[in-house]
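Spelled out from the first residue to the last, the chains are:
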Amino acid sequence: RGIGRAVPVAPAAARVVSALSRVLLEQSGQCEREVSSSLHFPGDEGDLMELLGNLLDNAFKCWRGRVRLSAGLESGAFLLRVEDDGPGIAPSDCSLIGSRGARLDERRPGSGIGLAVVKEIVKAYGGDLEIGESELGGARVCLTIGLANLT
């Protein structure tokens with residue numbers, strides 16, 4: 001892993017949101033995207049699509065009508081944050097997230113590997129994954145990949 005060809009984030013995010021919207025969004029709502037058109041992911045396009053797909057899929061499955069995707073560069077790192085206004089994740093359950101097969105909500109479809117895949121990709125890039133509470137009221141998943149880690 002590392003910097004290969006930098007991949008534009010905004011078009012990839014638009015493709016993922018469009019695909020998930022057709023499949024998952026049975027209710028009306030909005031997906032806010034705060035991604036600069038000049039922002040590039042410092043790695044492989046397949047990895048970016050996996051990250052966006054898994055994080056947004058989880059957010060759309062839990063939302064009550066609002067999801068926010070934001071990405072940018074901050075303090076020498078690439079940041080990607082996905083938030084929703086769903087029920088959120090109890091702080092005591094945050095440590096369980098990211099283990100293969102671990103599922104907190106058995107009522108919704110899924111295999112329990114999405115966040116494990118995200119965690120593995122972020123780790124391969126030398127990054128960090130943080131799960132917490134969103135200001136929207138639900139969950140917030142934030143990944144950070146230091147650009148210095150990739151050279």
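Residues numbered from 1 in each chain as written. Predicted model: local features only at pLDDT ≥ 70, side-chain atom pairs only at ≥ 80, totals over all residues. Heavy atoms only, no water.

## Observations regarding helix 3 (residues 114-124)
Those residues of helix 3 that sit buried are G114, L115, A116, V117, V118, I121 and V122. If you follow the buried residues of helix 3, they end up packed against helix 2 (45-62), strand 6 (128-133) and strand 7 (139-146). (Buried < 20%, exposed > 50% of the residue type's maximum accessible area, 1.4 Å probe, protein only. Helix = DSSP H or I, 4+ residues; strand = E, 2+ residues; numbered from the N terminus. Contact = heavy atoms within 4.5 Å.)

## Focus on the packing of helix 2 against helix 3
Contact pair helix 2 / helix 3: the axes reach a minimum separation of 9 Å and the direction vectors enclose 145°. In this structure, helix 2 meets helix 3 at a crossing whose hand is left-handed. Residues D47, E50, L51, N54, L55 and N58 of helix 2 form the contact with helix 3, whose participating residues are G114, L115, V117, V118, I121 and V122. (Axes fitted to C-alpha atoms, helices over the stretch in contact; angles between N-to-C directions. Left-handed = near helix turned anticlockwise from the far one by under 90°.)

## Thoughts on the sheet that holds strand 4 (residues 66-74)
Across the sheet, five strands lie side by side as 2-4-5-7-6; this open sheet has mixed pairing. Two strands close off the open sheet at either side, each with one partner strand: strand 2 (30-34) and strand 6. Shown here is a sheet whose adjacent strand axes are inclined to one another by a mean of 10°, direction ignored. Summarising the sheet, strand 2 and strand 4 pair through five bridges and their orientation is parallel. Within the sheet, the bridge partner assigned to Q30 lies in strand 4 and is R66. Each of strand 2, strand 4, strand 5 (77-84) and strand 7 touches helix 2; the most contacted strand, strand 5, lies at about 20° to it. In the packing of helix 3 onto the sheet, contacts are made with strand 6 and strand 7, and the angle to strand 6 comes to roughly 135°. (Pairing = 2+ DSSP bridges.)

## Brief notes about the environment of L56
Along the polypeptide, L56 turns up in helix 2. Expressed as a C-alpha distance, the spacing of L56 and V82, which sit 26 residues apart in the sequence, is 6.8 Å. Residues in contact with L56, not counting those within four places in the same chain, are V16, V17, L20, V67, L69 and V82.

Read these as geometric descriptors, not functional statements.
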